[in-house]
Structure formats: C-alpha cells, structure tokens
Amino acid sequence: MKPIILLLVTVIGVSHPGNYVSANDDSNLLLTNSGPVVLDMPIWFHAELIDYEEGEELEWQWSDDLFHAESIYLNAGTASWNITYDYETYDWYTGRRVVSLNVKKKFAPFIWLPRAKNSTDYTLTTYLNGKVSVVQPNVTLQTLDRISTTNTTNLTAVIHDPRDYMKQRTEMISFSWIINNTVHASCSTPSLIINITDPGDYNIQANVVIELADHVITTTTSTTTTTTTTTTTTPKPSNKTTTTTKPTTTTPTPPPTPPTNVTTTPDPPSPTPPDWKCDGYWPEYGFYRSKAAGSGTYSRSILKLGYFNVKVSASEPITQVNVTGNTWLKHGALLNLSVLCTGSKPWGYCSQIHPGNYNVTGNETCYTPTMTNDCNFPIIHYFRDAGTHTYLLIIQNDVSLKIHPIPIVIYNVDRKPQLSYIIIPVSCSLIVIIIIVFGIAYFIQSRDRYSVEVADFDFGASEDTEYKTLCEQLKEAFTQAIKGQDWDSDDDSKWLNRSQIVERPRILEEED
C-alpha cells in the first residue's frame with residue numbers, strides 16, 4: 001500500500017509542479033499581522049492565497065516560535081488567526097517573534113499536499129506601543145521636529161490599538177505630559193494643545209496609564225417615552241359683568257445697613273488660566289465590575305503603562321521682511337537693494353523675475369536656495385528692458401515661508417548733448433589755427449632776418465644770372481639726386497649753377 005501511495009504522490013507532483021512541488025514559493029501567499037503587540041493583548045494575522053481556485057479544500061496550519069499551533073480547515077482563499085500572550089507566562093519572551101503558516105490542499109481522502117507557505121515577524125512588548133505626534137494647525141512644517149513659536153501646538157499620544165480593542169475595554173485612562181523634565185499637564189484625553197513661545201529644544205514625554213477590563217464594556221441607557229394628552233374646552237359665554245380688581249403692590253423693606261465696624265474680606269484674585277488645554281477623545285467607561293458566571297468573583301482588570309517621547313525644536317517664523325533701496329531706476333542703472341528679515345536661522349532665499357505686475361499664488365518655492373545665517377543681504381540685478389518688472393523675493397526657514405514681491409520701474413531718459421561737447425572741439429580747432437598762423441609768421445620773419453648777401457668775385461661772369469627761389473633750388477637738387485649726377489666730375493657746372501648763392505673765388509680757378 002505504501003509504495004502505491006508514494007507512486008501516486010510522485011505522479012501528482014510531476015503533473016502539477018506549480019501547485020504542489022514549489023511550496024517554498026511565498027509570492028502567492030500574502031501574510032500580514034497587526035503588530036507590535038503588548039502582553040495580555042491579542043494580535044491578529046491575516047493570510048490570502050492569491051492563486052486560490054474555487055472548490056479547493058485547504059488546511060491552514062498556524063504556528064509561532066513559542067510552541068503555539070493551530071490548524072484551520074477552510075474552503076476559501078483567505079484565513080485569519082489571533083493569539084494572546086499573557087504577562088505571567090511570556091514576560092521573559094518579549095522582543096522579535098515569528099509566526100509561520102503552511103497551507104495544504106486536500107487531494108484525496110487522508111492525502112494533503114503542500115500548497116504554499118510563508119512567515120511574518122512582529123514585536124512583543126511589555127509596555128504600550130505608540131508615539132507622540134506633533135501638529136500645528138494651518139502650518140506646513142518643513143521638518144517634523146520643528147515647530148513655530150507663534151502657533152499653537154497639538155501634541156497627541158497615539159496608542160497602537162488595532163480594532164479598538166483597548167477603547168472598548170477602558171475603565172480608566174490618564175495622560176501625563178512632561179516637558180523638559182517638568183510635569184506640565186495631566187489629561188484624560190490623548191491630546192494637549194499648548195503654546196510654546198520660547199525658541200529652543202524641547203523633550204516632550206507622554207506617560208499613559210490605562211486600566212482595562214477583561215471584557216467589552218457596554219452601557220445600557222433606559223429611555224422613557226411619555227405621551228401627554230391636551231384637552232381644550234371652550235367656555236360658555238355669560239351675560240354677567242366681570243369686575244377686575246387691581247392687584248395690590250407691596251414694596252419690600254430694604255435690609256438693614258450693616259454697622260460700619262464690620263470688616264469685609266476681599267475676594268481672592270482669579271487664578272491665571274493655564275497656557276494649555278486637554279483635547280481629543282478616548283472612551284472612559286469607569287469601573288464596571290461584573291461577577292463571572294457561576295462564581296462570586298468579580299472580573300479582573302489589566303493595568304498597562306506606556307511611555308512615548310519626542311524631541312522638537314521651536315523656531316521663530318519670518319514675520320517681517322524689510323527691503324530698502326531705490327526701485328525707480330534709469331535705463332542702464334543697476335538695481336541695488338538691501339534686505340533685512342526676522343526669524344530664526346538658518347534662512348534660505350532665492351528670486352524670480354517677472355515682467356509687469358505679478359500676482360503671488362502662494363505656490364512659489366525655492367528649489368536651490370542660497371543659505372545664510374544672517375538675514376541681511378544685498379540684491380543686485382540689471383534689467384535690460386525698460387518698463388515695469390516684479391522682483392519676486394522668496395525667503396524661508398524651518399517653520400515659515402515668505403514671498404515678497406518688489407515692483408521695479410525702469411524708465412528711459414532723453415539724452416541732450418552737453419555744452420562741453422561743442423566747446424572743447426571748437427576751442428581745440430581755434431588753438432590749432434592760431435599755432436599755424438603764428439608758425440607761418442615766425443618763418444617769414446626768420447627768413448628775412450637771416451638772409452645773407454654774397455659778393456660775386458667773378459667779374460667775368462655774366463651779370464644776367466637767373467634767380468631761383470628756394471623751392472626751385474630744392475626741386476633742382478632733388479631732380480639731380482634722382483638722376484645720379486656726378487658732382488665731383490662737374491665742379492664748374494656745379495659752381496656755376498649755384499652762383500646765385502655763393503660765387504666761386506677766382507683763386508680756386510687759377511690753382512686748377
């Protein structure tokens with residue numbers, strides 16, 4: 001018989017490898033839990049088989065690493081399981097725990113084949129699980145650990161309570177708020193509204209004490225409905241005359257005046273209202289003790305504690321931006337403004353240039369802001385085109401964002417030629433003319449002064465010599481120089497041609 005069963009299983013496994021052999025494939029089995037879970041509270045597990053086929057009979061085998069196990073037979077693709085760890089037994093087993101699930105399919109009577117398996121982990125704790133959330137109404141915080149000093153802060157102790165298990169069993173609950181190691185407030189509700197007006201770092205802690213019943217608390221309210229019947233009777237008219245008597249008014253006697261020697265104690269001053277307020281809702285039913293069935297003992301209660309803390313930094317928002325400088329500029333001039341703002345450092349700023357008048361939408365932001373620790377910086381920009389422009393300045397810090405539009409007007413100016421543009425050229429021209437005239441006059445005067453009369457000793461020479469001006473002589477000399485005339489071979493001609501200036505002495509001719 002056993003060989004037949006093994007052969008049958010082998011044939012089934014080979015013919016259906018996707019559904020049976022690959023049981024280690026966890027992608028088709030989704031397993032989730034409601035952890036973390038505190039001792040004495042249940043934790044729920046939910047499983048879903050994605051490739052479930054209608055009509056399959058499945059066995060869901062649940063187990064954990066603390067020796068709990070349970071099998072559930074269902075003809076469905078989903079299954080749930082829950083377990084509670086009591087404090088007395090599992091106080092030493094807190095920490096990370098694991099639950100495994102094996103799903104098997106019934107193939108034949110007494111034959112179950114692996115279908116899928118998966119596991120999930122969770123945390124088992126002694127104290128309540130939760131956190132402190134920090135919210136400021138109408139404020140978009142850049143980071144969760146930053147708050148503004150000008151807005152109210154809503155602190156809420158968020159207790160992890162799946163399926164409202166604790167809310168349905170709460171007999172008493174208390175929230176104590178400790179800020180920087182000082183007890184600040186005590187509430188029966190989970191929220192505290194407070195004003196933190198001083199910049200700095202704050203360590204906020206919420207201590208929670210809750211007492212739970214071991215059963216769901218239900219209150220019954222009896223409502224009595226009363227029906228009232230009203231009968232209206234119309235009286236029969238009468239012929240008798242009715243006389244109305246005027247009522248008598250009695251004036252009360254004033255109380256006696258107290259003696260003057262009586263000492264009056266003044267009312268105490270009204271207490272200063274606190275700067276915080278409890279808010280939120282958590283059901284608190286009070287202590288409802290019921291006797292267990294068949295015994296005279298009352299149901300027991302469970303006391304749980306929780307400690308949640310968060311660190312925040314309070315910063316001053318940007319409340320004022322001062323921009324000084326000239327916003328009406330001539331075309332070609334540089335825009336030079338000075339910006340000064342308030343708030344807590346660091347600041348980041350950027351700018352946008354828009355033509356004409358720009359309407360701020362509130363969606364403007366800095367993608368690559370310039371960071372600074374001193375909100376006192378200049379703005380320098382050059383506008384190429386004349387007209388109206390909007391210089392949009394965006395400044396932000398950790399808790400606020402300011403959008404400051406600056407209208408800029410660039411105007412053209414008609415340029416008129418200056419008087420110096422006329423006087424300087426004319427004056428220079430007159431000076432040059434005067435210099436030229438004086439130079440010519442000086443040349444003429446000098447030529448007349450240094451003219452030398454040369455005696456002509458050549459009495460045999462012709463008296464009718466041709467007179468040549470200086471320009472003619474220079475022209476002749478220049479022509480002879482170009483032609484390459486030999487002055488050494490023709491001395492007589494040279495002296496004859498220059499007889500107008502210097503006459504060659506006769507003694508030189510005799511020596512020749």
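Residues numbered from 1 in each chain as written. Predicted model: local features only at pLDDT ≥ 70, side-chain atom pairs only at ≥ 80, totals over all residues. Heavy atoms only, no water.

Novice: Outline the overall build of the protein, supporting the account with residue identities and numerical values.
Specialist: What the protein contains, in helices and strands, is seven helices and 25 strands. Put simply, the protein has 512 residues, and 29% of those count as buried. At a minimum sequence separation of 6, the contacts of the protein that also span at least 24 residues come to 70%. (Helix = DSSP H or I, 4+ residues; strand = E, 2+ residues; numbered from the N terminus. Buried < 20%, exposed > 50% of the residue type's maximum accessible area, 1.4 Å probe, protein only. Contact = heavy atoms within 4.5 Å.)

Novice: Summarise the side chain of H389; cite the residues concerned and give the values.
Specialist: For H389, the position within the fold is in strand β24 (residues 387–396). Here the side chain of H389 touches D385 through a polar contact of 3.0 Å, landing on its backbone oxygen. Ignoring sequence-local partners within four residues, the contact set of H389 consists of H354, P355, G356, F383, I406, P407, I408 and I410. (Polar contact = N/O pair within 3.5 Å; in protein donor to acceptor, adjacent residues only side chain to side chain.)

Novice: Explain the nonpolar core to me, using residue names and the numbers behind them.
Specialist: Counting residues in each nonpolar core, the largest one holds 56 residues, and the members touching the most others are W60, W62, Y85 and W177. Sorting elements by how many residues they give to this core places strand β15 (residues 200–213) first, with six residues. Listed in part, the 18 residues of the second largest apolar core include W347, F383, L393 and I406. (Core = buried A, V, L, I, M, F, W, Y, C linked by side-chain atoms within 4.5 Å.)

Novice: Give a description of the pattern of salt bridges that names residues and reports values.
Specialist: Considering all chains together, one arrives at nine salt bridges under this definition. Here D51 and R115 are joined by a salt bridge, their closest N and O atoms 3.2 Å apart. Of this pair, D51 sits in the loop between β3 (42–49) and β4 (58–64) while R115 is found in strand β8 (residues 111–125), placing the two residues 64 residues apart along the sequence. R115 gets classed as buried once you look at its relative accessible area, which sits at 3%. The salt bridge involving R96 is made with D121; its shortest N-O contact spans 3.3 Å. Taken as a pair, R96 in strand β7 (residues 95–108) and D121 in strand β8 lie far apart in primary sequence, 25 residues in all. Under the relative-accessibility criterion, D121 is labelled partly exposed at 41%. (Salt bridge = Lys/Arg side-chain N within 4 Å of Asp/Glu carboxyl O.)

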